[in-house]
There are 2 protein chains.
Amino acid sequence: MMTTDLTLLRIVLLGAGRVAAHLAPALVAAGHAVVGLWSRSPESGAALASRLPGPTTVASSLHHLPDADVYLLTLPDAVVPEVLAAARFPVGALVAHTAGALPLSVFAPYKEQLRGGVFYPLQTFGPGRAIAWPSVPLCLEAADASALATLHQLAASLSRDVRELDSVRRLQLHVAAVWVSNFPNHLLGIGRELLEDAGLPWELLHPLIRETLDKALAQPPFTAQTGPAVRHDAATLARHAAALAARPRWQELYQQLTASIQATAGPLPAAANNASGLRL
Amino acid sequence: MMTTDLTLLRIVLLGAGRVAAHLAPALVAAGHAVVGLWSRSPESGAALASRLPGPTTVASSLHHLPDADVYLLTLPDAVVPEVLAAARFPVGALVAHTAGALPLSVFAPYKEQLRGGVFYPLQTFGPGRAIAWPSVPLCLEAADASALATLHQLAASLSRDVRELDSVRRLQLHVAAVWVSNFPNHLLGIGRELLEDAGLPWELLHPLIRETLDKALAQPPFTAQTGPAVRHDAATLARHAAALAARPRWQELYQQLTASIQATAGPLPAAANNASGLRL
């Protein structure tokens, strides 16, 4: 294997889901060859292969994978161990998964047969979204030095932000990513539904959403917290609870989030928002 | 009162907090005169007045307010009724509050003395942030036609997005604003703290945060939901729970948000993410 001296790599993707659908064209655009593709769903594999310019073999079996410099497992976390157990890689193959929460040790049972690695792109991959790969952080891990060098080479061809991260810190990063991506997306979805309930256009909230985000990236969000929860504004909180009466699940989540904001901020300073002592 | 024929208005602000600090300079920039300012804190009132170019009287008493075309109550919701009860406005004065969750009926006890109104800017006003007023939705309400006309005149001088909204729908909008602004800000704050716990730079999450937001504004967020919760990925959820063990409050909130995502999405389609039936 002399892959670390090559600029362009031969890659096989195992998995043809969202990550693969975004990663494969980016790899091709960077000059690499996606020489093979395997998917649990042959239809998805064929569909993705047909969107790639070069010749891509759609492997019909995990026992007959093409030769490659890197095998990338773009699979749901739960499926990775099962695919590793079933697949037959060339001896010494570099096999990397793309998951945030899966430890490198998932490769431990196969250390005599392959070099395991992690190639984790920290981004959310929605269908039909153009991904700005040069700014996507790529988090790498491998025990084998040559494997790590090859992953660096691959990562550097896609992104300006490449870093090595061990499994513990990658998991911490992945948890944080859920807090700043999956969870806010859910809350935005609730906001959109509530606007629809009120017969108001979703776009009405867009300037607020954009400024909230810009502000949160410019200064620590906890210090920029606004709203009735952090003000301990009981009258407004009661009005909001009443306004959510038709949505009891969200009414409950509203209270849980309010409690979390108040617990994080601590008690209100004495006399803040206190209307007594009004000067006439 | 011939204010509806005037382009420029004389304005008195009651309250010198965040909303006033952003609104007063914008009013002046639009050509209006902030002729007076009253604050529960005379220091805050004087500080804000000193930042305005024109002569602004800092009223020492709610009994001696300057004449004006519009009195804007830029006060915490809970303080508005108390200030209304204490203040002496010129007979027939146009007095508008700027709160999302306060009904117009807060003015009902004073309908013989003043014309009540609502001038609600749908935005979050952080200290030191430049607000793009032309895109801030301004939501107006008034029972008196001339009051509504004056509020329209004022609003149109600041923003392209002016609309009339009754108290019920304004409250619904305000609740939705909490979901898309205050709550996501809290979650971003948790993400930032978790990165700090892990010794990782906050900036690492910025591309993910921006793409999450862009995606949520481009397509319905519920249909774009990703992550271990919506996938019912039990192994990853368990790893995340373990990773949050040192933060039990957030561990609990993580579970509450996960439950909400799963309840919203409904059960997973049979066989999705199911590794059984793996084709070799």
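Everything numeric here is computed off the predicted structure, so don't read it as measured data.

**Q** Describe the sheet that holds strand S7 (residues 138-142) of chain A, naming the residues involved and giving the relevant values.
**A** Residues and elements named next belong to chain A. The strand order across the open sheet formed by 8 strands is S3-S2-S1-S4-S5-S6-S7-S8, and the pairing between neighbours is mixed. Edge strands, defined here as strands with exactly one partner in the open sheet, are strand S3 (57-58) and strand S8 (162-164). Across the sheet, helix H5 (residues 167-197) is in contact with strand S5 (93-97), strand S6 (114-121) and S7; its angle to S6 comes to roughly 30°.

**Q** Requested: an account of the relation of the copies chain B and chain A, with residues and values cited.
**A** With an axial shift of 0.0 Å and an RMSD of 0.0 Å, the rotation relating chain B to chain A amounts to 180°. Taken together, the rotation angle and the small translation identify this as a two-fold axis. Closest approach to the rotation axis within chain B is made by the C-alpha atom of B:Pro184, at a distance of 2.5 Å. A symmetric contact is evident, with 100% of the interface residues of chain B recurring at the interface of chain A.

**Q** Go over the nonpolar core, please, and point to the residues and values.
**A** Of all hydrophobic cores here, the largest spans 132 residues; its most connected members are A:Phe89, A:Trp179, A:Leu205, B:Phe89, B:Trp179 and B:Leu205. Apart from the residues lying within four places of it in its own chain, the contact partners of B:Leu205 are A:Leu122, A:Leu173, A:Ala176, A:Ala177, A:Val180, B:Gly191 and B:Leu195.

**Q** Could you give an account of the interface of chain B and chain A, naming the residues involved and the relevant values?
**A** Note: interface size is frequently given as the accessible area lost on complex formation between the parts. In this complex, chain B contributes 109 residues to the contact, which on the side of chain A involves 109 residues. Regarding the contact of chain B and chain A, the summed buried area is about 10600 Å², with carbon and sulfur atoms giving 67% of it. Counting the contacts that link chain B with chain A gives 4 salt bridges. Close ionic contact of A:Glu211 with B:Arg129 constitutes a salt bridge, the shortest N to O distance being 2.9 Å. Here chain B and chain A share 31 residue pairs in polar contact (both at pLDDT 80 or more) between them.

**Q** Pulling in residues and values, what's your account of the sheet that holds strand S6 (residues 114-121) of chain B?
**A** Neighbouring strands of a sheet are bound in pairs by backbone hydrogen bonds; such pairs are parallel or else antiparallel. Residues and elements named next belong to chain B. With mixed pairing, the 8 strands of this open sheet are ordered in space as S3-S2-S1-S4-S5-S6-S7-S8. Because the sheet does not close on itself, it has two edges, and the strands there are strand S3 (57-58) and strand S8 (162-164). Across 5 bridges, the pairing between S6 and strand S7 (residues 138-142) is antiparallel. Counted as the bridge partner of Gly 117 is Ala 142 from S7. Helix H4 (residues 145-156) rests against strand S1 (10-14), strand S4 (70-73), strand S5 (93-97), S6, S7 and S8 of the sheet, and its axis sits at about 165° to S7. Relative to S6, helix H5 (residues 167-197) is tilted by about 30°, and along the sheet it contacts S5, S6 and S7.

**Q** Which residues make up the packing of aromatic side chains, and what values do they have?
**A** Tallied over the full model, the rule gives 12 aromatic pairs over all chains. Judged by centre distance (5.6 Å) and plane angle (25°), the rings of A:Phe125 and A:Trp133 are stacked. Residue classification places A:Phe125 among the buried residues on the basis of a relative accessible area of 7%. Its relative accessible area of 7% is what places A:Trp133 among the buried residues. Relative to A:Phe183, the ring of A:Trp179 lies with its centre 5.1 Å away and its plane at 90°, an arrangement referred to as edge-to-face. Separated by 4 residues within a single helix, A:Trp179 and A:Phe183 lie in helix H5, roughly one turn from each other. Here A:Trp179 falls in the buried class, since its relative accessible area comes to 0%. Given the relative accessible area of 1%, A:Phe183 is considered buried. A network of ring pairs unites the aromatic residues A:Trp179, A:Phe183 and B:Tyr254 as a single cluster.

Cut-offs used in this document
- Residues numbered from 1 in each chain as written.
- Chains lettered and ligands numbered in written order.
- Predicted model: local features only at pLDDT ≥ 70, side-chain atom pairs only at ≥ 80, totals over all residues.
- Heavy atoms only, no water.
- Pairing = 2+ DSSP bridges.
- Helix = DSSP H or I, 4+ residues; strand = E, 2+ residues; numbered from the N terminus.
- Contact = heavy atoms within 4.5 Å.
- Axes fitted to C-alpha atoms, helices over the stretch in contact; angles between N-to-C directions.
- Least-squares fit on C-alpha atoms with pLDDT ≥ 70 in both.
- Core = buried A, V, L, I, M, F, W, Y, C linked by side-chain atoms within 4.5 Å.
- Buried < 20%, exposed > 50% of the residue type's maximum accessible area, 1.4 Å probe, protein only.
- Buried area = accessible area lost by both parts, 1.4 Å probe.
- Salt bridge = Lys/Arg side-chain N within 4 Å of Asp/Glu carboxyl O.
- Polar contact = N/O pair within 3.5 Å; in protein donor to acceptor, adjacent residues only side chain to side chain.
- Phe/Tyr/Trp six-rings, centres within 6.5 Å; stacked < 30°, edge-to-face > 60°.

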